[in-house]
Amino acid sequence: MTSQQEASASIEAGNEQAARTLPFGDTQDFADAERGFIASLSPGVVRNADGDVVWDSGTFSFLDDECPPTVHPSLWRQSKLVAMQGLYEVADGIYQIRGLDLSNMTLIEGDTGVIVIDPLISAETAAAGLALYRTHRGDRPVTGVIYSHSHIDHFGGVKGVMSDADVEAGTVPVIAPVGFTEHAVEENVYAGTAMGRRAAYMYGAALPRGPLGAVGAGLGPTTSTGTPTLILPTVYIDHTGQTVTIDGVAIEFQMTPGTEAPSEMNFYFPDRRALCMAENATHTLHNLLTLRGALVRDPHVWSKYLTEAINRYAHRADVVFASHHWPTWGTDRLTEYLSIQRDLYGYLHDQTLRALNKGATGIEIAEDIQLPPSLENSWSTHGYYGSVSHNVKAIYQRYMGWFDGNPATLWQHPPVASAIRHVEFMGGADEVIAKARKAYAEGDFRWVAQVLNYVVFAEPDNTEAKALQADTLEQLGYGSENGTWRNFFLMGAYELRNGKVGTPTVTASPDIQAALSVEQLFDALALRIDGPRAWSATIVIDWRVQGGPVHRTHLRNGLLVHFDVDGDLPPADARFALTEQDLRAALLGGESLPDMITAGRVTVEGDASTLTELVGYLDAPDPDFSIVTP
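Note that the coordinates shown come from a computational prediction; the quantities given were computed from them, not determined experimentally.

1. Section: the overall build of the protein chain
Alright, step 1. The helix and strand inventory of the protein chain stands at 22 helices and 21 strands.
Alright, step 2. Taking 25 Å as the expected radius of gyration for a compact globule of 630 residues, we find that the protein chain reaches 26 Å, a close match to that expectation.
Alright, step 3. Seen along its three principal axes, the alpha-carbon backbone of the protein chain occupies a region of about 75 × 70 × 55 Å.
Alright, step 4. Within the span of the protein chain, comprising 630 residues, buried residues form 54% of the whole.
Alright, step 5. Taking as baseline every contact in the protein chain between residues at least 6 positions apart, the subset at least 24 positions apart corresponds to 73%.
Alright, step 6. For the protein chain, the accessible area works out to roughly 25800 Å², and carbon and sulfur atoms hold 51% of it.
Alright, step 7. Taken together, the 43 basic and 78 acidic charged side chains of the protein chain have centroids lying 3 Å from each other.

What follows is the structure, given as structure tokens:
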């Protein structure tokens, strides 16, 4: 297997062309990112309770050097900006911690303490950020927490800044948009294993850092690998214009569901003339469909909510900030910045719809669409995190689904079967590899990656094909302006050479599983039923969960149906009475139900063995499934 390669002549030439033609003379972003700097965390290392490193800012210090040929110069520029680390003053009484995780943590000083907005991914990085703030601003207590939306990089570190006891005492309100809990737990549990595995590719957390490896994820450096936590909200925001005062600080909220997250909100601080845009306006083109997987976002409503924010707040604001990147100051500048972001999402939506209504498919539209020069010339529209290419395909998917309308693509062979046939048609593996080497020398890396993928999937043990494919994906990474594309390409190359690295960041933490409602708990259970093994089974169990109605699970035809019992139904095979906590322990926590019955924690009527049979039909998810090999 080959080792890492340098940039090929064609990739180096392409990167040099970008360096000559992009507006690198515009350094306003660097001035804004440096503004208000107070101090950095030094050394920039954060460890967990066992002493393991969960964050190390120093691994990105190589970005202080000149951009090498193996990195797109625009991505190098963005990576330098997002790697800036420390405590920054945004406005009077408003501070941010940047560069200690993928996201920012914002701190708003109130009458007696400090309000924390979006406490990062990990409890360890959030605690380190709060400690840095307190070192320079005093040991102020946390008097409130706000989750701007339902993604884990905006709530996972909450137990690094507060505790469950703070909530129980009623001293620290936790504020979130309505729907937050439902979406937060579903995203990290229902498809959490698959999303987590692909997130390992998207964020490149396991990649070596450096000019030949990870340089950043565009939205931030990368994801921390500490302990994700969750404290449930105590106050939900449900309408635009709703105002809440925390610790003497008035906050007006704008609901923006269906934008960057299914549950999200912006908010305005009238006394500070400051506007927080959550993740709805950042210094990049964001994702409409993330490469890790998610529900497709709606650029049409995204654009409309940005218009509403401009009309409602921009003229009353002196600074706009978000939970990623750096602020923008000045009413005129921030209005133009928000307008460019609005125009970006609206343009992609409308032009994709125009083209698909003329018969173009998603992949065709993505190849042909061009942004207006005024948008293209703004650094904030560049695809460091999302991209025009995969966002346009996402819009097509949102409206038209996976099928492009051509009957030839309606019933194609799956990857391995297709690969075997392709390789045979092309003359066998040796012939494909020989032609691929010629295309590689000509710099046609997109084509090489496609045809070598057939060989790798047809002959997984073909070391020559895997080695050349790794070299090819590496070159595609070196030429990518998009941070997540680079990470995907380089992770593919890394795993082809070294084997699977698994999933560095765990999202389905005990706190998140504990937030599942009874309905969601049984949903999660149903998703693990091995349908074919359970085809012939019929199992009916009633669950009397303390304080709630009787909930019935009915396994038939390989499907676990569940619902609240309402009215007369045929008797169940078994009936369990237990607390919600013990229900979780029995279904997700791995505790022995017989031991729980013996201990008196669970009472049962009927045949208790039916649960053992039901559990026997559960399938375990695989957090290390293959991606670049079959």
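2. What to know about the packing of aromatic side chains
Alright, step 1. Scanning the entire structure with this criterion turns up 20 aromatic pairs.
Alright, step 2. Members of the aromatic cluster, each reached through a chain of ring pairs, are Phe253, Phe267, Phe269 and Phe321.
Alright, step 3. When the ring centre of Phe625 is taken as reference, the NZ or CZ atom of Arg197 above it lies at 6.0 Å.

3. So, the sheet that holds strand β1 (residues 37-39)
Alright, step 1. Pairing in this open sheet of 8 strands is mixed, and the strands run β1-β4-β5-β6-β7-β8-β9-β10 from one edge to the other. Lying at the two open borders of the sheet, with one neighbouring strand each, are β1 and β10 (235-237). Between one strand axis and the next, the sheet turns through 25° on average, direction left out of account.
Alright, step 2. In terms of strand pairing, β1 meets strand β4 (residues 86-91) through 2 bridges, oriented antiparallel. Bridge pairing in β4 links Phe37 to Tyr88.
Alright, step 3. This element, helix α4 (residues 123-137), spans β1, β4, β5 (94-98), β6 (105-109), β7 (114-117) and β8 (142-146) of the sheet and lies at about 35° to β6.

4. Digging into the packing of helix α14 (residues 429-441) against helix α15 (residues 445-458)
Alright, step 1. Viewed as axis vectors pointing N to C, α14 and α15 meet at an angle of 165°, and their least axial separation amounts to 9 Å. Comparing the axis directions of α14 and α15 gives the class roughly antiparallel. Remark: the crossing between α14 and α15 carries left-handed chirality. Touching Ala429, Val432, Ile433, Ala436, Ala439 and Tyr440 of α14 are Phe445, Trp447, Val448, Val451, Leu452 and Val455, all from α15.
Alright, step 2. Of the residues contributing to the contact of α14 with α15, the split by class is 12 nonpolar, no polar and no charged.

5. Re unusual backbone geometry
Alright, step 1. The omega torsion of the bond from Ser42 to Pro43 falls at -5°, within 30 degrees of zero and hence cis.
Alright, step 2. Mapping Pro43 onto the fold places it in the loop between β1 and β2 (45-47).
Alright, step 3. Despite not being glycine, Ala278 shows a phi value in the positive range, around 50°.
Alright, step 4. Inspection of the secondary structure puts Ala278 in the loop between β14 (274-276) and α8 (299-313).
Alright, step 5. With a phi angle near 70°, His325 is a residue other than glycine that sits in the positive phi range.
Alright, step 6. Among the structural elements, His325 can be located in the loop between β15 (319-321) and β16 (328-329).

6. A closer look at the pattern of salt bridges
Alright, step 1. Counting across every chain of the model gives 26 salt bridges.
Alright, step 2. Across the pair Glu591 and Arg601 runs a salt bridge, and its minimum N-O distance is 3.1 Å. With Glu591 in the loop between α20 (580-587) and α21 (593-598) and Arg601 in the loop between α21 and β21 (603-606), this pair connects stretches of sequence that are 10 residues apart.
Alright, step 3. A relative accessible area of 37% means that Glu591 is categorised as partly exposed.

7. A short note on the packing of helix α16 (residues 463-478) against helix α17 (residues 483-498)
Each pair of packed helices can be described by the angle between their axes along with the distance between the axes.
Alright, step 1. Axis separation between α16 and α17 bottoms out at 8 Å; the angle between their running directions is 160°. As summarised for this structure, α16 and α17 are arranged roughly antiparallel, according to the angle between their axes. α16 and α17 meet at a crossing whose hand is left-handed. Counting all contacts with α16, which are made through Lys466, Gln469, Ala470, Asp471, Leu473, Glu474, Leu476, Gly477 and Tyr478, the residues of α17 involved are Arg486, Phe489, Leu490, Gly492, Ala493, Leu496 and Arg497.
Alright, step 2. Along the lines of polarity and charge, the residues of the contact of α16 with α17 split into 8 nonpolar, 3 polar and 5 charged.

8. Quick word on the nonpolar core
Alright, step 1. The biggest cluster of nonpolar side chains holds 66 residues, and the ones touching the most others in it are Val145, Tyr147 and Trp543.
Alright, step 2. Those residues in contact with Trp543 that lie beyond four places of it in its chain are Phe522, Pro549, Val550, His551, Thr553, Phe576, Leu578, Leu583, Leu587 and Leu611.
Alright, step 3. Ranked by size, the runner-up nonpolar core spans 35 residues in total, among them Ala314, Leu334, Leu348 and Ile369.

9. Thoughts on the sheet that holds β15
Alright, step 1. Taken in spatial order, the 6 strands make up an open sheet running β11-β12-β13-β14-β15-β16, and their pairing is mixed. Looking at the sheet topology across the chains shown, the edges are occupied by β11 (243-246) and β16.
Alright, step 2. Across 3 bridges, strand β13 (residues 265-269) lies against β14 in antiparallel orientation. Paired with Tyr268 across the strands is Leu275, a residue of β14.
Alright, step 3. Each of β12 (249-255), β13 and β14 touches α8; the most contacted strand, β12, lies at about 145° to it.

10. Examining the pairing of β12
Consecutive side chains of a regular strand alternate in pointing toward one face of the sheet and then the other.
Alright, step 1. Within β12, 7 of the 7 residues are buried, which leaves it mostly tucked inside the rest of the structure.
Alright, step 2. The side-chain alternation of β12 yields two buried faces, one formed by Val249, Ile251, Phe253 and Met255 and the other by Ala250, Glu252 and Gln254.
Alright, step 3. Note that β11 and β12 share 4 bridges and pair antiparallel. Across the sheet, residue Thr245 finds its bridge partner in β12, namely Ala250.

11. Description of a nonpolar patch on the surface
Alright, step 1. Together, Leu559, Val561, Phe563 and Leu569 make up a nonpolar patch on the protein surface, roughly 300 Å² of accessible area in all.
Alright, step 2. Assignment of secondary structure puts Phe563 in strand β19 (residues 559-564).
Alright, step 3. Phe563 gets classed as partly exposed once you look at its relative accessible area, which sits at 30%.

Cut-offs and rules
- Residues numbered from 1 in each chain as written.
- Predicted model: local features only at pLDDT ≥ 70, side-chain atom pairs only at ≥ 80, totals over all residues.
- Heavy atoms only, no water.
- Helix = DSSP H or I, 4+ residues; strand = E, 2+ residues; numbered from the N terminus.
- Rg over C-alpha atoms; globule rule 2.2 N^0.38 Å.
- Buried < 20%, exposed > 50% of the residue type's maximum accessible area, 1.4 Å probe, protein only.
- Contact = heavy atoms within 4.5 Å.
- Areas by Shrake-Rupley, 256 points an atom, 1.4 Å probe, with all protein chains shown as cover.
- Lys, Arg positive; Asp, Glu negative; His and termini not counted.
- Charge placed at Lys NZ, Arg CZ, Asp CG, Glu CD.
- Phe/Tyr/Trp six-rings, centres within 6.5 Å; stacked < 30°, edge-to-face > 60°.
- Lys NZ or Arg CZ within 6 Å of the ring centre and 35° of its normal.
- Pairing = 2+ DSSP bridges.
- Axes fitted to C-alpha atoms, helices over the stretch in contact; angles between N-to-C directions.
- Parallel < 35°, antiparallel > 145°, perpendicular 65-115°, else oblique.
- Left-handed = near helix turned anticlockwise from the far one by under 90°.
- Nonpolar A, V, L, I, M, F, W, Y, C, P; charged D, E, K, R; others polar.
- Salt bridge = Lys/Arg side-chain N within 4 Å of Asp/Glu carboxyl O.
- Core = buried A, V, L, I, M, F, W, Y, C linked by side-chain atoms within 4.5 Å.
- Patch = residues over 30% accessible without salt bridge, like charges linked within 9 Å, V, L, I, M, F, W, Y side chains within 5 Å.

Geometric descriptors of this kind do not, in isolation, establish any biological role.
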